[in-house]
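# Breakdown of the fold
Here is what each chain is made of, one letter per residue.
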Amino acid sequence: MRRRGFWVALAALTVGVVLLAAGCGSSSSNNSSGAGGSSTSIPPHQTGGTITVALSGNVDYLDPALAYYQSTWQIEYSTCVKLTNYKDLPGDAGHVIYPEAASALPTVSSDGLTYTYTVPSGRFKFNTGEPVTAQSFQHALERDLNPTQASYFGSVFLKPVIAGAATFKGKPGEHVSGITVSGDQLIIKLVTPDAGLISKLTTPFACSVSKDTPIDSKGVHAPAGAGPYYVASYTPNRSIVLKKNPNWTDAAGYHRPAYADEIDYTSLTENTDQGTLQIRNGQIDYSPDALAPAQYFQLNKEFGPKGTWSGGYQRFFITPGAIVSYLALNVTRPAFSNPLVRQAVNYAIDRPAISQTSGYGASIPAEKYLPPQIAGSAQEKVVYPVNGPDLTKAKALMQQAGVTTPITAVLYTCNQPPCPDRAAVIQANLKAIGINVVVKQFDRGVQFGKEGTKGEPFDIADEGWIADYYDAYDFLNILLDGSNLPATNGNDFSYINDPTLNKAMEAANKLTGDARNNAYGAIATGLKEPGGLAPWAPRSFGTNIDFFGPKVGCQVNQGSYGMALNSFCIRS
Amino acid sequence: MTRYVIRRLLWAVVLFLAVTLVTFVIFYLIPVDPARAAAGKAASPAEIKVVAHRLYLDRPIYMQYVHFVDRLLHGDLGYSYSSRQHINDVIRQAAPITASLVIGGAILWMLIAIPIGVFSALKPRSLADRTAMIFVLAGISVHPVWLALVASYLFGYVPTTGSFLGIIHFPAFDLFPIQGYCSLSGAAPGEICGGPYDWAKHLILPWTTFAIGYAAFYVRLIRANTIEVLNEDFVRTARAKGVKPSMVIRSHVLRNAMLPVVTAFGMDIALAMAGAVLTELVFGLPGLGYTAIHSLFQFDYPVTLGVVVFASFVVIIANLAVDLLYAWIDPRIRLS
């Protein structure tokens, strides 16, 4: 019931915001959107001004070929123009891919090996005045694939599929044979069908770059931007300045505003307790992460959708992120070799209690493999209990499995809060069905490395996954395809290697559109239904937490990349 | 003297190499694969191998160490795994912030400690002395993080709210920043503050927090030394000869009482570099301590190693300077 309520609210939110966007665009009038995940209205606001932002810790890079932190993707969402993009809309509407610099979604050859994008020249312009063309994207992708640039995304997600990428050395004048430009057409040839390519090219790694952007393995600090804003300056560990792109015209008609003149990341080393105080009193206008988790409850009470603070409008936002947290059940170990025992675990764990250990609002109890941002999530059915354990069913499954209890299972988890607390809840939950959990805590990096080593003696891995890009492949194929399990550094922590499952995932990755979503949704559902392999016990989705000072309004919590910086305005 | 200086210099080099070796080995023993961390979470084993080769991590440990020392001798601390920044730049940016905190804090703690310590020694067991000793007890006992949080709440946040505990109301005003740092030389692009005034304003609370503990310790030290010297024969003689009391204190007592204090001060300044970590963390000062802690959490070992090596270098140089200064002041040290 709770989940249905959530989706109904989300749908209402989406409809509201679509109407809002259609009705008022970037005007200053008062219009209600009825939104919960975004600001409830476009308040009277001034055009221009400066918004200050705090981050707890530095960013990684601002170079599109290298940036990988959530905070930098948020920046790049507002500084980039891509072939395809997500609109500045909250909820489901913000998960749909639309053409941006391209005039339409790409045409795909019947064999699935050639993608052709048409990029009308000059429809968008960089802040330097240079037009965005098909070459801008050719250069962007070749930077990703250049061995000297050493881009994670290029080497992991593009190199295996784009023709000529494997042999590309990046010498002056050399081009990747599979990426060509003909007039205003960008043609990408693949060595194997990859229907996830469109999603991959919707990430900031495929952000258009100016023809002058050099190859620099340390990353370009202030690349030219063609989005609503551009990076005017970046001093590592100290400051980032985003300025309004003077050439921004919202040519794709996505109602992407750019209200403030400047967005300044004034300090990149905020202490979370202090950061919360600074935003409370307006010394800082916004932070996506410099907040003390222990204060989420109080902040939501004061500044949430029904906040009690004197200003009356929402300043504190909790929204789901594309993050799934799960218990990987090691199928190669005696404790969990029987799928019925793994199913029993899924019925025995108390998801709300486990989520509570992370603190108020930090996670949403869930039993899905695919977070709501990922196409296919809507098609994935809810099978396991989300509101609490179903011990009757769990015990029945244990009995059906015919195993002798008690079973001893070793749980690997991290040694930082809330991992130990979470482990205690899991221990208590599984004790009820005759599984004695032995908890072993490690530093997070050590835990990750150990779990990825074949033969490591653990039965349960307390894990999570953040999307590299918004496609089911990045969750299911990456984490559950055991056809090529490495001896070390693996990601399939359940060590499941089921030929039928592998084939199904491989086939799903060749599909597009609804067929793809249905296929991935069915695969995820199939893992959970009676007779399913149940390699995981998914337990929650992560959330994004955003807190604003009193002067900021017009927030749009973009469904895929979090709060759209370009949507922020200064209340008048 | 020359032989002594050469001997100390050689020891400093040996000590420095030993520190780098121990630090390097400690990081090598931590069972985290830096290549995996640098390659990204979905990287294939083949990709991780490529990254390991690029980062020189696929060579035996002794070769990695030789490579590290070779770079070090050329003044190159290497590159960060997580941001690929040159670590020399990271240190160059962070060191002045820590220096601002430590030097400013040290001046403040001496400004507090000398008058209180001397006054307490001159009026032992008086009400003022007892009060000073309460300050000492509190200053040594209180945890710097607690003190920092309370200070920034009371003097940073509360004034901006215009109310204290909902009981006392007053017009809201900005007193001190809750956290953050401003460059002494002026505001860099995107920074909302800079210059000497903003620099000092942002550091007053960190300096105070940082200085309290040391000041308390030094009050006790100065008080004890001064009382001891006051009872020396030469002080009694000076008084008997009719030297003015202020002259006795200034020329005979303080000069002698401060000698051990100067020694301790030299050592503590170097150690305070480590103590500054907590203050930097609470007040969001991106100094060396803050940088080291953040890099440790990110498994960005080259940065951690760089900070440790740099800090060791500073401590060794400081100790060397103190040793040489002592040898110059007291010839007996050279002979021994």
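The rules behind these values
- Residues numbered from 1 in each chain as written.
- Chains lettered and ligands numbered in written order.
- Predicted model: local features only at pLDDT ≥ 70, side-chain atom pairs only at ≥ 80, totals over all residues.
- Helix = DSSP H or I, 4+ residues; strand = E, 2+ residues; numbered from the N terminus.
- Buried ≥ 20, exposed ≤ 12 C-beta atoms within 10 Å, placed from the backbone.
- Contact = placed C-beta atoms within 7 Å.
- Rg over C-alpha atoms; globule rule 2.2 N^0.38 Å.
- Axes fitted to C-alpha atoms, helices over the stretch in contact; angles between N-to-C directions.
- Parallel < 35°, antiparallel > 145°, perpendicular 65-115°, else oblique.
- Left-handed = near helix turned anticlockwise from the far one by under 90°.
- Nonpolar A, V, L, I, M, F, W, Y, C, P; charged D, E, K, R; others polar.
- Expected span 1.5 Å × (residues − 1).
- Bend = angle between axes of the 7 residues up to and from the residue.
- Pairing = 2+ DSSP bridges.
- Core = buried A, V, L, I, M, F, W, Y, C linked by C-beta atoms within 7 Å.
- Arc of directions from axis to C-beta.

### Overview of the overall build of chain B
On a plain count of helices and strands, chain B comes out with 13 helices and 2 strands. Seen through its C-alpha atoms, chain B measures out along the principal axes to roughly 85 × 70 × 35 Å. Taken across its 336 residues, chain B has 34% of its residues classed as buried. Looking at chain B alone, contacts between residues at least 24 apart form 66% of all its contacts between residues at least 6 apart.

### Digging into the overall build of chain A
When helices and strands are tallied, chain A shows 15 helices and 22 strands. What you see for chain A is a C-alpha radius of gyration of 24 Å, in line with the 25 Å of a compact globule of 572 residues. Referenced to the eigenvectors of the C-alpha coordinate spread, the extents of chain A come out at roughly 70 × 60 × 40 Å. Residue burial in chain A is summarised as follows: out of 572 residues, 56% are buried. Across chain A, contacts joining residues at least 24 apart in sequence account for 70% of those joining residues at least 6 apart.

### Observations concerning the packing of helix H14 (residues 499-508) of chain A against helix H15 (residues 513-528) of chain A
All names here are of chain A. The contact between H14 and H15 brings their axes to 9 Å, and the two run at 160°. Here H15 runs roughly antiparallel to H14, going by the angle between their axes. Helix-helix and strand crossings are classified by hand; for H14 and H15 the assignment is left-handed. In this structure, H14 uses Ala504, Met505 and Ala508 to contact H15, whose residues at the interface are Arg516, Ala519, Tyr520 and Ile523. Considering only residue class, the contact of H14 with H15 consists of 6 nonpolar, no polar and 1 charged.

### Section: helix H8 (residues 196-230) of chain B
The terminal C-alpha atoms of H8(B), which comprises 35 residues, lie only 41 Å apart, well short of the 51 Å expected from a rise of 1.5 Å per residue. Maximal helix bending in H8(B) amounts to about 40°, located at B:Leu203; proline B:Pro206 follows within four positions.

### Let's talk about the sheet that holds strand E8 (residues 185-189) of chain A
All names here are of chain A. Across the sheet, which stays open at both edges, the 4 strands sit in the order E5-E6-E8-E7 with antiparallel pairing between neighbours. With one partner strand each, in any of the chains shown, strand E5 (107-108) and strand E7 (179-182) form the two edges of the open sheet. As paired elements, E7 and E8 share 4 bridges and run antiparallel to each other. Looking at E8, one finds that Val181 is bridged to Leu186. Against the sheet, helix H3 (residues 134-145) makes contact with E7 and E8, and its axis sits at roughly 170° relative to E7, the strand it touches most.

### With respect to the pairing of strand E17 (residues 460-466) of chain A
Looking along a regular strand, one sees side chains alternate from face to face of the sheet. Residue and element names in this part refer to chain A. Along E17, 5 of the 7 residues are buried, which leaves the element largely enclosed by surrounding structure. Judged from the 7 bridges that link them, strand E13 (residues 316-329) and E17 form a sheet pairing that is antiparallel. When the bridges of E17 are listed, Ile323 appears paired with Ile466. Pairing of strand E15 (residues 407-414) with E17, which is carried by 2 bridges, proceeds in the parallel orientation. Within the sheet, the bridge partner assigned to Tyr412 lies in E17 and is Ala461.

### Comments concerning the nonpolar core
A:Leu242, A:Phe568, B:Ala215 and B:Val219 are the most contacted members of the largest nonpolar core, which totals 156 residues. For this core, the leading source of residues is helix H5 (residues 87-122) of chain B, giving 14 residues. Excluding its chain neighbours within four sequence positions, the residues that come into contact with A:Leu242 are A:Ile75, A:Ser78, A:Thr79, A:Tyr229, A:Tyr230, A:Val231, A:Ala232, A:Glu262, A:Ile263 and A:Leu565. Among the nonpolar cores identified, the runner-up in size contains 68 residues, and A:Leu327, A:Ala366, A:Ala467 and A:Ala508 belong to it.

### Here's the deal with the interface of chain A and chain B
Each side of the interface is counted separately: chain A has 42 residues, and chain B has 39 residues. Those elements giving two or more residues to the side of chain A that touches chain B turn out to be helix H4 (152-158), strand E9 (229-235), strand E10 (239-244), strand E11 (262-267), helix H6 (272-280) and helix H12 (444-451) of chain A.

### Remarks on the environment of A:Gly482
Mapped onto the secondary structure, A:Gly482 falls in the loop between helix H13 (476-480) and H14. Not counting the four nearest positions on each side in its chain, A:Gly482 is found in contact with A:Asp492, A:Tyr495, A:Ile496, A:Asn497 and A:Asn502.

### As for helix H7 (residues 296-303) of chain A
Residue and element names in this part refer to chain A. Among the residues of H7, Tyr296, Leu299, Asn300 and Phe303 are the ones counted as buried. On an axial view of H7, the arc spanned by its buried residues comes to 100°, and they lie on one face. Against E13 and strand E18 (536-548) lie the buried residues of H7.

### Focus on the environment of A:Ser182
Mapping A:Ser182 onto the fold places it in strand E7. A C-alpha to C-alpha distance of 22 Å links A:Ser182 and A:Lys169, two positions 13 residues apart in sequence.

### Remarks on unusual backbone geometry
Note that the residue after A:Thr405, namely A:Pro406, is joined by a cis bond; omega there is 0°. Among the structural elements, A:Pro406 can be located in the loop between helix H10 (391-401) and E15. Of note, the bond from A:Pro417 into A:Pro418 is cis; its omega dihedral lies within 30 degrees of zero at 5°. Topologically, A:Pro418 is positioned in the loop between E15 and helix H11 (419-431). Not every positive phi belongs to a glycine, and B:Arg125 is a case in point at roughly 65°. With respect to the helices and strands, the residue B:Arg125 is situated in the loop between H5 and helix H6 (127-141). Positive phi outside glycine occurs at B:Leu165, with the angle close to 55°. Topologically, B:Leu165 is positioned in the loop between strand E1 (163-164) and strand E2 (168-169). What makes B:Leu165 exposed here is the crowd of 6 C-beta atoms within 10 Å.

### Topic: the packing of H5(B) against helix H11 (residues 288-297) of chain B
All names here are of chain B. Across the interface, H5 lies against H11 with an axial gap of 7 Å and an inter-helix angle of 130°. One element, H5, and the other, H11, form an angle in the oblique class. Across from Val90, Ala94, Ala95 and Thr98 in H5, the residues of H11 making contact are Leu288, Gly289 and Thr291. The residue inventory of the contact of H5 with H11, partitioned by class, reads 4 nonpolar, 3 polar and no charged.

### Re the sheet that holds strand E22 (residues 569-571) of chain A
The strands that make up a sheet pair up through hydrogen bonds in the backbone, lying either parallel or antiparallel. Residues and elements named next belong to chain A. With antiparallel pairing, the 3 strands of this open sheet are ordered in space as E1-E22-E19. Either end of the sheet is taken by a strand with one partner, and the two such strands are strand E1 (45-46) and strand E19 (552-553). Bridge analysis of E19 against E22 gives 2 bridges, and the strand direction is antiparallel. Within the sheet, the bridge partner assigned to Val552 lies in E22 and is Ile570.

### Let's talk about the environment of A:Asp92
Residues and elements named next belong to chain A. Here Asp92 is to be found in the loop between strand E3 (84-86) and strand E4 (97-99). With 17 C-beta atoms packed within 10 Å, Asp92 lands in the partly exposed category. Considering only alpha carbons, one finds Asp92 and Gly559, 467 residues apart in sequence, at a separation of 6.4 Å.

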